[in-house]
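Below, each chain spelled out in residue letters.
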Amino acid sequence: MDKKYCAYLCSGCGIGDALDMEALAEVVTGEMSMECKTSEYLCGAEGRALIEKDIADNGVNTVVIGACSPRVMQNEFNFGEDKITVRANLREQVVWSEVKPAEGAEPHAEAAAFLMESAGDYMRMACTRAKKTALPEPFKLETMSKKILVMGGGIAGMTAAKEAAAAGYEVTLVEKEAALGGKAAEWRKSFPTRSPWTDLEDSPVAALAAAVQQDARITVKTGTEVARIAGAPGAFRVSMKATGTETEWDAPAKVTTEDADKISKGEMENPNKGLKNYMSVDEAAELHGAVVLATGWLPADVSEYAHLGYGAIKNVVTNVEFEKMAKDGKVPAKVAFIQSPGGKEHDQDFPYCNSVTSMVALKQAQYVCQDNEDGNAFILYQHMRTPGSQELYYKSAQQTDGIFMTKASVTKVEENGGKLRVIAEDTLLGDNLALDVDMVVLAAGMVPVTKEEYSINLAYRQGPAFSDLSLFDGYADSHFICFPYETRRTGVYTCGGVRKAETIEETIDDATGAALKAIQCLESTDRGVSVHPRSGDATYPEFFMQRCTQCKRCTEECPFGALDDDEKGTPLPNNTRCRRCGTCMGACPERIIGFKDYNIDLIGSMIKSVEVPEDDDDRLRILIFVCENDAYPALDMAGMRRNGINHMIRFIPVRCLGSMNMAWIRDALSAGMDGAMLLGCTYGDDYQCHFVKGSEIANKRMENIGDTLSTLGLESERCAAVQVAITDYDKIPQIVNDFVDEIVEMGPNPFKGF
Ligand code: SF4
Ligand code: SF4
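Within each chain, residue numbers correspond to sequence positions counted from 1 in written order. To label them, take the chains in the order written and letter them from A, then take the ligands in the order written and number them from 1. Totals for whole chains, interfaces and linings use every residue, but because this is a predicted model, local features are given only for residues with pLDDT of at least 70 and side-chain atom pairs only at 80 or more, for both listing and counting.

Take the overall build of the chain next. When its secondary structure is counted, the chain shows 21 helices and 30 strands. For this measure, only C-alpha atoms enter the radius of gyration; the expected value for a globule follows 2.2 Å times N^0.38, where N is the number of residues. Radius of gyration (C-alpha) of the chain: 31 Å, near the 27 Å computed for a compact globule of 754 residues. Across its three principal directions, the C-alpha atoms of the chain cover 95 × 65 × 55 Å. Three exposure classes are used, all based on how many other C-beta atoms lie within 10 Å of a residue's own C-beta (placed from the backbone): buried at 20 or more, exposed at 12 or fewer, and partly exposed between those limits. In the chain, which comprises 754 residues, the share counted as buried stands at 51%. By the convention adopted here, residues are in contact when the distance between their C-beta atoms, placed from the backbone, does not exceed 7 Å. At a minimum sequence separation of 6, the contacts of the chain that also span at least 24 residues come to 73%. What counts as a helix is a DSSP run of H or I of at least four residues, what counts as a strand is a run of E of at least two, and both are numbered from the N terminus.

With that out of the way, let us pick up the site of ligand 2. Of all residues adjacent to ligand 2, which total 14 residues, the nearest are Cys-548, Cys-551, Arg-553, Cys-554 and Cys-588. Across the shell around ligand 2, the residue classes break down as 9 nonpolar, 2 polar and 3 charged. Each residue gets a C-beta atom placed from its backbone. Should that atom fall within 6 Å of a molecule or strand, the residue is termed near it. The classification used treats Ala, Val, Leu, Ile, Met, Phe, Trp, Tyr, Cys and Pro as nonpolar, Asp, Glu, Lys and Arg as charged, and all other residues, Gly among them, as polar.

Spatially, 4 strands are ordered E28-E27-E29-E30 in an open sheet, and the strand pairing comes out parallel. The open sheet has two edge strands, strand E28 (649-654) and strand E30 (719-723), and neither has a second partner. Looking at each pair of strands side by side, their axes are set apart by 20° on average, direction ignored. Whether two strands pair comes down to DSSP finding at least two bridges between them. Inspection of the sheet shows strand E27 (residues 622-627) paired to E28 by 6 bridges, in the parallel sense. The partner of Ile-624 across the bridge, within E28, is Phe-651. Inter-axis angles, ranging from 0 to 180 degrees, are taken between N-to-C directions of lines fitted to C-alpha atoms, where helices are fitted over the stretch in contact.

Spatial strand order, E7-E6-E5-E11-E22: 5 strands in an open sheet with parallel pairing. Single-partner strands in this sheet number two, and they are strand E7 (218-222) and strand E22 (492-494). This sheet shows a mean twist of 20° between the axes of neighbouring strands, independent of strand direction. Looking at chain direction, strand E6 (residues 171-175) and E7 are connected through 5 bridges and run parallel. Bridged to Val-174 within E7 is Lys-221. On the sheet, helix H13 (residues 504-527) packs against strand E5 (148-151), strand E11 (290-293) and E22 and is oriented at approximately 165° with respect to E11.

We now examine the packing of helix H6 (residues 155-166) against helix H7 (residues 205-214). It is at 10 Å that the axes of H6 and H7 come closest, and there the two elements cross at 40°. Here H6 lies oblique to H7, going by the angle between them. In the crossing of H6 with H7, the sense of the turn from one axis to the other is left-handed. Residues Ile-155, Met-158, Thr-159, Ala-161 and Lys-162 of H6 lie in contact with H7, whose contacting residues are Val-205, Leu-208, Ala-209, Ala-211 and Val-212. Per-class residue counts for the contact of H6 with H7 are 8 nonpolar, 1 polar and 1 charged. Each angle is binned into one of four classes, with values under 35 degrees roughly parallel, values over 145 roughly antiparallel, values of 65 to 115 roughly perpendicular, and all other values oblique. The hand of a helix crossing depends on one turn: near helix anticlockwise from the far one by less than a right angle means left-handed, and clockwise means right-handed.

The environment of ligand 1 is formed by Pro-541, Cys-558, Phe-560, Ala-562, Leu-563, Cys-578, Arg-579, Arg-580, Cys-581, Gly-582, Thr-583 and Cys-584. A class-by-class count of the residues in the shell around ligand 1 yields 8 nonpolar, 2 polar and 2 charged.

This part takes up unusual backbone geometry. Residue Pro-196 is bonded to the preceding Ser-195 through a cis peptide linkage, with omega at 5°. Examined against the element boundaries, Pro-196 turns out to sit in the loop between E6 and H7. For Ser-33, which is not glycine, the phi torsion reads 50° and is therefore positive. Here Ser-33 shows up in the loop between helix H2 (21-31) and strand E2 (36-39). On the basis of neighbour counts, which here come to 10 C-beta atoms within 10 Å, the residue Ser-33 falls in the exposed class. One non-glycine residue, Trp-197, lies in positive phi territory at about 60°.

A few words on helix H21 (residues 732-746). The first and last C-alpha atoms of H21 sit 21 Å apart over 15 residues, in line with the 21 Å expected at 1.5 Å per residue. At its buried positions, H21 is contacted by E27, helix H17 (631-640), E28, strand E29 (675-680) and E30. Following H21 by one or two positions, Gly-747 has its phi on the positive side, about 95°. Working rule for helices: expected span equals 1.5 Å times residues minus one.

Next up on the list: the environment of Ser-409. Structurally, the position occupied by Ser-409 is in strand E17 (residues 409-416). A C-alpha to C-alpha distance of 9.1 Å links Ser-409 and Ile-338, two positions 71 residues apart in sequence.

What follows is the structure, given as structure tokens:
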């Protein structure tokens, strides 16, 4: 596209009071050779009309806006997909972030000049960005399927299939067992879902299965397993096989979560590397656009608690086994429900225990009293969780004759003349207990199948499951808080027990959410744009392959398995798997990966456009690369609260810290900048990174920057990486200002002026 530029400055929201707008316009027209106009109210009708007129009459197609944060007024400054718009954040990060003098003190004599220098740099960077940005062309698949594959025919899978079909999408529902229904088909009753929240209800499984089977848009395949899923969103090639039969491909080896950690740290070879035929194309495979993984959960293993006797003493059973017994006939008259292992792990729950296992104990205690006139159910717990209106069910159980509940630590279960004796201490009532019962039921928790089983069989270079990456206890999330249902494989969405422990009612909501996410993925893929978190982004990573050294860093570091490779190690991008995080771009030592509006040259040129004054302790320049997802909005909020930010700082937003190429820092410091900081999301077990591991990768890369600085003769302390959360808006100013103080203490970069 032949670009026609114009920059627009807004003097509203206090910007014009703090800045010399004429002088700022001269920076744009003079240094950046770009036409520049000023409006008192750029986001209002008049301001927008000014820009629209230039677009219509003068052919302006590349617009630079110097006004508020790019996070606000997005509709007002949207001039269509065929225009390039770049925003300079003069309001939140310059004018509203001015450091005010302490009460009673005079303002710094050069305060106004500092603000102008800052505003000038942000305009220089924005104009440079506009010049370096190319209009993206969305990536469209030649053949695209909008059919959804649902794996698992339980409540979650059947609901997802039904909801997707109701929205007009074709669905294939695959169930490995001979009939639909899943685990819930074996439940005698399900929890109350309506007022007065005291009455158990019939399971909705049968009615749901009938509805699914009658739906013309749903193809049900029972007794079938997914053998392999190759391809990418919009064009997944799904091969199926009869349950339990062999495939024509090498079966992938099982990779445990522990193995996955080792593989990602390079301590272990991926056993599925180079799997025979596994990555090959199966021409007969069915084309699907998205996958809903609803393969459920498995009861946790409780046999390790020897003092409770599971596996050794007859009539010590799990809650799942007891439920089946209750469905098939009468349950015994005296039953102890043990909710926590007790013993040494005194106040712990069983692994994967949750509110559902608490509710199950209440329900099963009710069976005991319903089936036996003199029935007695003893519930021994450490924690009883009955969220929301289920509290009313708990209260009704408390008042039921025959049901006894107490907090207690069980020390032993033993046989006692044909019966069982349960010994417990530390009870709520203060007494130790010895209960003689017919049966003991242990509250086995709900383990997602991804933890134990090979559940998805992806023909991806990074391995067939999600487990090439660290998992939260086997849950395949990509960001539990911000992107529920999303896994670390684009186009694959989870719901039901495989995502979290939940009741039937919760599962129905959950499955509806996953179906909607799958639809959203299909429609985004069809338009050639990204799914969450960069929804609607039409760019994608482009590779200048002639200079690729086949080092495989990009294929290994991509958090979403978007890149396969050939035998030599040349990356084979799958653009519809890509979430546009730029981690591959940050990883590539050859700097040959980039996006139309975000690449090594573009950010490098923005850095170069920042003015670096000669030796002056009041005019050092510190670059802070800011993650757009959490840190940048937190900075905006700091501006809204008028928390002052040191005038020597220049912020550069990045898609994710994973996209940080260390060349930017090296070049900045070589050019005389005095320091550089990365501000990104928390990583580790409680990670908040929207691209799973970008901030962690960036921190690893930063560990090497010290060596680079030493070769330049600079102190390693001139670079830092800090983890922050979106809620840290009151802390971030202190963090960055303290960093500036440390740099001031070190003195200016000796390269200044060279
Ligand atoms: S941009 Fe991110 S998701 Fe896409 S290929 Fe690169 S690393 Fe993978
Ligand atoms: S990181 Fe760069 S050089 Fe290495 S394989 Fe990927 S594209 Fe090629």
